[in-house]
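The lines below spell out each chain.
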Amino acid sequence: MLTGMLADRRMMALVDRECAVVVPENEMKQYVVAAHADTLDFVPGDALADWATRHGKKLRGHTLLWNRAEYIPRWLSERYADAPAAALATWLTGYVGATAAHFGARIHSWDVVNETVDPATGALRDTMFNRKLGFDALRLAFTAARERAPHAQHVYNDYMSWDAGSAKHRAGVLKLLERFRAEAVPVDALGIQSHIGAEGDMTTMSEREREWRGFVDLVVAMGYRLLITEFDVSDHSVGGTVSTRDAQVAAVGKAYLDMMLSYRQLEHLLCWGLVDRYSWLQNFSPRPDQQPLRPLPYDAGYGAKPLRAAIAEALKGAPRRASQS
Ligand code: G3I
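Residues numbered from 1 in each chain as written. Predicted model: local features only at pLDDT ≥ 70, side-chain atom pairs only at ≥ 80, totals over all residues. Heavy atoms only, no water.

J.: Summarise the pairing of strand β3 (residues 107–114); cite the residues concerned and give the values.
T.: Along β3, seven of the eight residues are buried, which leaves the element largely enclosed by surrounding structure. Pairing of β3 with strand β4 (residues 153–158), which is carried by five bridges, proceeds in the parallel orientation. Along β4, the bridge assignment pairs Asp111 with Val155. (Buried < 20%, exposed > 50% of the residue type's maximum accessible area, 1.4 Å probe, protein only. Helix = DSSP H or I, 4+ residues; strand = E, 2+ residues; numbered from the N terminus. Pairing = 2+ DSSP bridges.)

J.: Before we move on, can you summarise the packing of helix α8 (residues 167–182) against helix α9 (residues 205–221) with the specific residues and values?
T.: One way to put it is that α8 packs onto α9 with a least axis distance of 10 Å and a crossing angle of 10 degrees. Considering their axes alone, α8 and α9 lie roughly parallel with respect to each other. Residue-level inspection shows Arg170, Val173, Leu174 and Leu177 of α8 in contact with α9, the latter providing Glu211, Trp212, Phe215, Leu218 and Val219. Among the residues forming the contact of α8 with α9, the class breakdown is seven nonpolar, no polar and two charged. (Axes fitted to C-alpha atoms, helices over the stretch in contact; angles between N-to-C directions. Parallel < 35°, antiparallel > 145°, perpendicular 65-115°, else oblique. Contact = heavy atoms within 4.5 Å. Nonpolar A, V, L, I, M, F, W, Y, C, P; charged D, E, K, R; others polar.)

J.: How would you sum up the side chain of Gln30? Please name residues and give values.
T.: Turning to its location among the elements, Gln30 is positioned in helix α2 (residues 30–33). According to the relative accessible area criterion, Gln30 is buried, its value standing at 3%. Leave out the neighbours within four places in its chain, and Gln30 touches Ala35, Thr63, Leu64, Leu65, Ile72, Pro73, Leu76, Trp91, Leu92, Tyr95 and Phe129.

J.: Can you tell me about the packing of aromatic side chains, naming the residues and giving the values?
T.: Note on aromatic pairs: each is described by the distance of the centres and the angle between the planes. Counted by the stated rule, this structure contains 14 aromatic pairs. Each ring, one from Trp66 and one from Tyr71, has its centre 3.8 Å from the other, and the planes form 15 degrees; the classification is stacked. Taking the relative accessible area as the measure of exposure, Trp66 reaches 11% and is therefore buried. Pairing Trp91 with Tyr95 gives two aromatic rings, centres 5.0 Å apart and planes at 10 degrees, and the pair type is stacked. (Phe/Tyr/Trp six-rings, centres within 6.5 Å; stacked < 30°, edge-to-face > 60°.)

Pasting the structure below:
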């Protein structure tokens, strides 16, 4: 959800009807909450949290440390780049603790750290936090979140995927998850963003699936729970008519969800938006033919698409979770 959507009554009626769990797309990020030095702005996050409370929705928090250089507030980078590491550690602990405490029991699951692994190398990204504090930045964030929001689930969230080009990313995330366990960092779950593409030959699906299961099997063997945190299916390069594209998106989405739902450790399925026209992909990755993308369950006119039916089918066919009665 985005605060801009709150004024769109049809949109919010749809969210109300379709979702049991919601998440703010941007409003709890550091570049919003800590946009200005020495003050924290919870107003946008509170607006969405209030809506969730009023409508009886569970709320996920996203994210306490988006560890990518381009999303760290500029004033923060400028102030701490040459400061002692301990000063940055104090700021980070204070920030995470204050934010987790502010939202308190309203948030049942936090993306504490987001995207700290460099997909090109599998190493930790080159950010101010990692340069100055290394792994301690992550330890501090998870520890502060646990201390100040002990009721919540604490998640490491990233976009490693089943694509062949994602092998280094997957390996890097596995290494990180192993280190969390080895050093008793309080991390409960892996958030698998699941921004997948509908491109490609369906006959290569089993190879992709085999690789991906190898990764997920190792994650659950370490005792992590799983979440799908940001599901969408891009039709960036899928050709043909709108109905061909929608069918391809639905088929790939269904295959992916069937596989993921076969893991009983999977707790949540969140789409990154419900209606195509609000999708981040429209701006970040436009189609070469300039047609609007169709990556979400509802079209621009708020009509349900084949992806909506595919999600419902996948959920209906999924093995029951322990939490279901
Ligand atoms: O609000 C301004 C608006 O006033 C202005 O007119 C417009 C012009 O570009 O920009 C608007 O802000 C944009 C904001 O989204 C709200 O739509 C920002 O420029 C844009 O950078 C921001 O993008 C968000 C992106 O993260 C970066 O924070 C996307 O909405 C959001 O969907 C995306 O989400 C990320 C997850 O957090 C992490 N995983 C990947 C996912 C997709 O990139």
